[in-house]
Amino acid sequence: YRFFGEPVVEACVENGASCIDISGEPQFLEGMYLKYNEKAAEKGVYVVGSCGFDSIPADMGVLYTKDKLKGTLTAVESFLSVKSGPEGVAVHDGTWKSAVYGLADEDSLKKLRKQIGYAPVPVVGAKLKKRGFLFYSPEFKEYCITFMGSDGSVVKRTQRYLHSELQQTPVQYGAYVTLGGLGTVLKLMFMGMLFLLLVKFNFGRKLLTKYPKFFSGGYFTKEGPTQKQMDGTSFTMTFFGEGYSEGQDPQKGKPNVKICTEVKGPEPGYIATPIAMVQAGLSLLEDTASLPKRGGVYSPGAAFSKTKLIDRLNKRGVEFSVISKPEV
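Bear in mind the structure is a predicted one, so any value in this text is a computation, not a measurement. (Residues numbered from 1 in each chain as written. Predicted model: local features only at pLDDT ≥ 70, side-chain atom pairs only at ≥ 80, totals over all residues. Heavy atoms only, no water.)

This brings us to the side chain of Ser 283. Mapped onto the fold, Ser 283 is located in helix H11 (residues 268-286). For Ser 283, a relative accessible area of 0% translates into the label buried. A distance of 3.2 Å separates polar atoms of two side chains, one belonging to Ser 283 and the other to Arg 312. Not counting residues up to four positions away in its chain, the partners in contact with Ser 283 are Thr 288, Leu 291, Phe 304, Thr 307, Leu 309 and Arg 312. (Helix = DSSP H or I, 4+ residues; strand = E, 2+ residues; numbered from the N terminus. Buried < 20%, exposed > 50% of the residue type's maximum accessible area, 1.4 Å probe, protein only. Polar contact = N/O pair within 3.5 Å; in protein donor to acceptor, adjacent residues only side chain to side chain. Contact = heavy atoms within 4.5 Å.)

Quick look at the structure:
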């Protein structure tokens, strides 16, 4: 999207067509907001980014958790687990390239956010504690790391919109991914350090994009996954939410209610992503009365918070559910 996405957004806005994409690149997503939000509003069209696995499960999952809590939700942590069959898991190198160019150009994202001049999102309730980059989770009995994708930034944009435009209580959010045992952690740490070293230099970036399979330990390939790999892969995103019961002031005292929800579905990149994208498109076409009043560039949660998107996804294999206490 960094190289090829903007002409599509520009053409849609100029010609009065709404547009969705499956980008997971914060710099592209927020750049389109800066450049086209006002033009899209004038034309009465909706540009909704990150409508694939990045970041519909996370963004709509937080809204689902908020909807199911009896009271006021103030903080959520999500944990992504991807399970694969005997054939293992593979991802096409397009995603790898997005990560390479995104990390190499991190400073531009900071400048872009200064240009946009985001209003700070107020912290309501007890402040959500930031975890270390790597930690052990007793709930999953696995090591976890901070999720490096766009979910955190997309959810924050949604919460900012819902707070400023609809006066809803903003939800603090932390995104993590489960890794497994110590062996996997050591392997990934070695690969991660090598990646971070090489990504700083032009020569290093060329190496990373030329040999994705080697530098990712076989996860990213120029061929992408086989049908068997896709059939054997699934994801679960578990949300642990906390907040304040009805009638209790979230600005006073500690959170006194908790909730656990999950979103689960088939292989994320090539099965769940098109399901999410198509259902988001149908929501744009068929749930028009429930969309924001004015057009613009939106995150999925901001655009679809009042639509039937979650119901649509549930019917097509990307399932949202509340986990009962014994299951937790």
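Our focus in this paragraph is the pairing of strand E3 (residues 72-83). Along E3, nine of the 12 residues are buried, which leaves the element largely enclosed by surrounding structure. Of the pairings in the sheet, the one linking E3 to strand E9 (residues 234-244) comprises 11 bridges and is antiparallel in character. Counted as the bridge partner of Ser 78 is Phe 239 from E9. Direction of pairing for E3 relative to strand E7 (residues 172-180): parallel, over a ladder of six bridges. (Pairing = 2+ DSSP bridges.)

Summed over the entire model, instances satisfying the criterion amount to 17 aromatic pairs. Look at Phe 53 and Phe 235: their rings are 4.9 Å apart centre to centre, the planes differ by 75°, and that puts the pair in the edge-to-face class. Of this pair, Phe 53 sits in the loop between strand E2 (46-48) and helix H3 (56-68) while Phe 235 sits in strand E9, and the two are 182 residues apart along the sequence. A relative accessible area of 12% places Phe 53 in the buried class. Given a relative accessible area of 1%, Phe 235 falls into the buried group. When the ring centre of Tyr 176 is taken as reference, the NZ or CZ atom of Arg 131 above it lies at 5.8 Å. (Phe/Tyr/Trp six-rings, centres within 6.5 Å; stacked < 30°, edge-to-face > 60°. Lys NZ or Arg CZ within 6 Å of the ring centre and 35° of its normal.)

Turning our attention to the sheet that holds E9. Pairing within the open sheet is mixed, and its seven strands lie in the order E5-E6-E7-E3-E9-E10-E12. Each edge of the open sheet is held by one strand with a lone partner, namely strand E5 (134-137) and strand E12 (319-322). Neighbouring strand axes in the sheet, compared pairwise and without regard to direction, differ in orientation by 25° on average. H3 rests against E3, E7, E9, strand E10 (257-266) and E12 of the sheet, and its axis sits at about 40° to E9. Most of the contacts of helix H7 (residues 182-198) go to E7, to which it runs at about 105°, and overall it touches E5, strand E6 (142-146) and E7. (Axes fitted to C-alpha atoms, helices over the stretch in contact; angles between N-to-C directions.)

Moving on: the packing of helix H2 (residues 26-43) against helix H5 (residues 106-116). At a closest axis distance of 10 Å, the pairing of H2 and H5 adopts a crossing angle of 25°. In terms of axis orientation, H2 runs roughly parallel to H5. Where H2 crosses over H5, the two elements pack in a sense that is left-handed. Only Ser 108, Leu 109, Leu 112, Arg 113, Gln 115 and Ile 116 of H5 make contact with H2, whose side of the interface consists of Pro 26, Gln 27, Glu 30, Gly 31, Tyr 33 and Leu 34. Within the contact of H2 with H5, the residues separate by chemical class into six nonpolar, four polar and two charged. (Parallel < 35°, antiparallel > 145°, perpendicular 65-115°, else oblique. Left-handed = near helix turned anticlockwise from the far one by under 90°. Nonpolar A, V, L, I, M, F, W, Y, C, P; charged D, E, K, R; others polar.)

Glancing now at the nonpolar core. One finds Ile 56, Met 60, Phe 304, Leu 313, Val 318 and Phe 320 to be the most contacted residues of the largest nonpolar core, which totals 46 residues. Among the elements that line this core, the one with the most residues is H3, at six residues. Residue contacts for Phe 320: discarding those within four places in its chain leaves Met 60, Gly 61, Tyr 64, Glu 262, Val 263, Ile 310, Leu 313 and Asn 314. Residues Met 32, Val 45, Val 154 and Val 297 belong to the second largest nonpolar core, which totals 13 residues. (Core = buried A, V, L, I, M, F, W, Y, C linked by side-chain atoms within 4.5 Å.)

Another aspect to go through is the side chain of Glu 25. You can see Glu 25 is positioned in the loop between strand E1 (19-20) and H2. The buried charged residue Glu 25 lacks any salt bridge partner; its closest oppositely charged side chain belongs to Arg 2, at an N-O distance of 4.5 Å. Excluding anything up to four places from it in sequence, Glu 25 contacts Tyr 1, Arg 2 and Ser 98. (Lys, Arg positive; Asp, Glu negative; His and termini not counted. Salt bridge = Lys/Arg side-chain N within 4 Å of Asp/Glu carboxyl O.)

With numbering aligned to this structure, UniProt lists the feature "transmembrane region" (unreviewed entry) at residues 173-199. The distance from the first to the last C-alpha atom of residues 173-199 is 28 Å, and the span holds 63% helix and 30% strand. (UniProt positions renumbered as here; feature names shortened; annotations may be inferred.)

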